[in-house]
Amino acid sequence: MAVLQTTRLTLSPCCPGDRADFIDLELDPEVMRFLNGGHPVDHEQVDPNATFLMPRGTEPYVWTARHTINGAFVGWFCLWPESETVAELGYRLRRLDWGQGLAAEGASALVDWGFRNGGYDRIAATTMAVNHASRRVMEKVGLIYARTVSVDWPEPIAGSEHGEVWYELVRSDWKGG
């Protein structure tokens, strides 16, 4: 994995030194709203059945995002291989950094890296149908709505009854190629 540079972000492969920032991110109820209903994650008792990624700094395919200008933690991005040719894009940012286009900036860098260097033919991303901000990020980076699926959540959260949306982009439709 390479260090990726955007206009405002430096995305580096995560390392154990990022663990505290990752844990702090999961303590914000608004950050966790569409993942588990807004419950802070107890980092001492990580749920092995959790349906979402909780990086701790040792995971492959996870990049830590920091402001290039001052090194402040912004969040993380991942491009998780589902197969040799398909990867799933994910991201989580501090609430302080929402609404500034940083999610789209970092996600775009990973999509480009995935097609140019990762060898992927398709990049997909999912979110709850009611998570309009995340859906906008997916659309901004060129992913196209593919389908909505019903999910049988172990503990349903507000909005889960509307399902989960899948977005994807195939290499032949990628604007960078």
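Draft legend 1. Representation of the pairing of strand S2 (residues 9–13). As paired strands, strand S1 (residues 4–5) and S2 are joined by 2 bridges and run antiparallel to one another. Note that in S2 the partner of Gln5 across the bridge is Thr10. The loop that links S1 with its antiparallel partner S2 comprises 3 residues. Judged from the 5 bridges that link them, S2 and strand S3 (residues 62–67) form a sheet pairing that is antiparallel. Within S3, the position partnered with Leu11 by the bridge is Ala65.

Draft legend 2. Focus on the sheet that holds strand S6 (residues 122–128). Spatially, S1-S2-S3-S4-S5-S6-S8-S7 is the arrangement adopted by the 8 strands of the open sheet, whose pairing is mixed. Bordering the open sheet on either side are S1 and strand S7 (144–149), each of which pairs with just one other strand. Judged from the 7 bridges that link them, strand S4 (residues 73–81) and strand S5 (residues 86–93) form a sheet pairing that is antiparallel. Across the sheet, Trp76 pairs through a bridge with Arg92, a residue of S5. The sheet strands contacting helix H1 (residues 19–26) are S3, S4 and S5, and the helix crosses S4 at an angle near 95 degrees. The strands touched by helix H3 (residues 102–116) within the sheet are S1, S2, S3, S4, S5, S6 and strand S8 (164–170), with S4 carrying the most contacts at an inclination of about 30 degrees.

Draft legend 3. Highlighting the pattern of salt bridges. Following the criterion strictly, the structure yields 8 salt bridges and no others. Of the charged contacts, one joins Glu105 and Arg8 as a salt bridge, the two residues approaching to 2.8 Å between their closest N and O atoms. Placement of the pair is Glu105 in helix H3 and Arg8 in the loop between S1 and S2, with a sequence separation of 97 residues. Residue Arg8 is classed as partly exposed on the basis of its relative accessible area of 33%. One salt bridge connects Arg66 with Asp18, and the closest N-O pair in it is separated by 3.0 Å. Pair noted here: Arg66 is in strand S3 and Asp18 is in the loop between S2 and H1, with a separation of 48 residues, a long-range link.

Draft legend 4. Region of the structure containing helix H4 (residues 132–140). Within H4, the full set of buried residues consists of Ser134, Arg135, Val137 and Met138. Seen along its axis, H4 keeps its buried residues to an arc of 155 degrees; they face one direction. Tucked into the core, H4 has its buried residues touching S5, H3, S6, S7 and S8.

Draft legend 5. Local environment of H1. Three or more residues of H1 are buried, namely Phe22, Ile23, Leu25 and Glu26. Each buried residue of H1 sits inside an arc of 155 degrees when the element is viewed along its axis, so together they form one side.

Draft legend 6. Structural view of the pairing of S4. Within S4, 7 of the 9 residues are buried, which leaves the element mostly enclosed by the surrounding structure. Of the pairings in the sheet, the one linking S3 to S4 comprises 5 bridges and is antiparallel in character. Each bridged residue has a counterpart across the sheet, and for Thr64 the counterpart in S4 is Trp76. Hairpin connection, S3 to S4: the antiparallel pair is bridged by 5 residues, and Gly71 has positive phi, about 75 degrees. Counted between consecutive antiparallel strands, the loop separating S4 from S5 contains 4 residues.

What counts as what
- Residues numbered from 1 in each chain as written.
- Predicted model: local features only at pLDDT ≥ 70, side-chain atom pairs only at ≥ 80, totals over all residues.
- Heavy atoms only, no water.
- Pairing = 2+ DSSP bridges.
- Helix = DSSP H or I, 4+ residues; strand = E, 2+ residues; numbered from the N terminus.
- Contact = heavy atoms within 4.5 Å.
- Axes fitted to C-alpha atoms, helices over the stretch in contact; angles between N-to-C directions.
- Salt bridge = Lys/Arg side-chain N within 4 Å of Asp/Glu carboxyl O.
- Buried < 20%, exposed > 50% of the residue type's maximum accessible area, 1.4 Å probe, protein only.
- Arc of directions from axis to C-beta.

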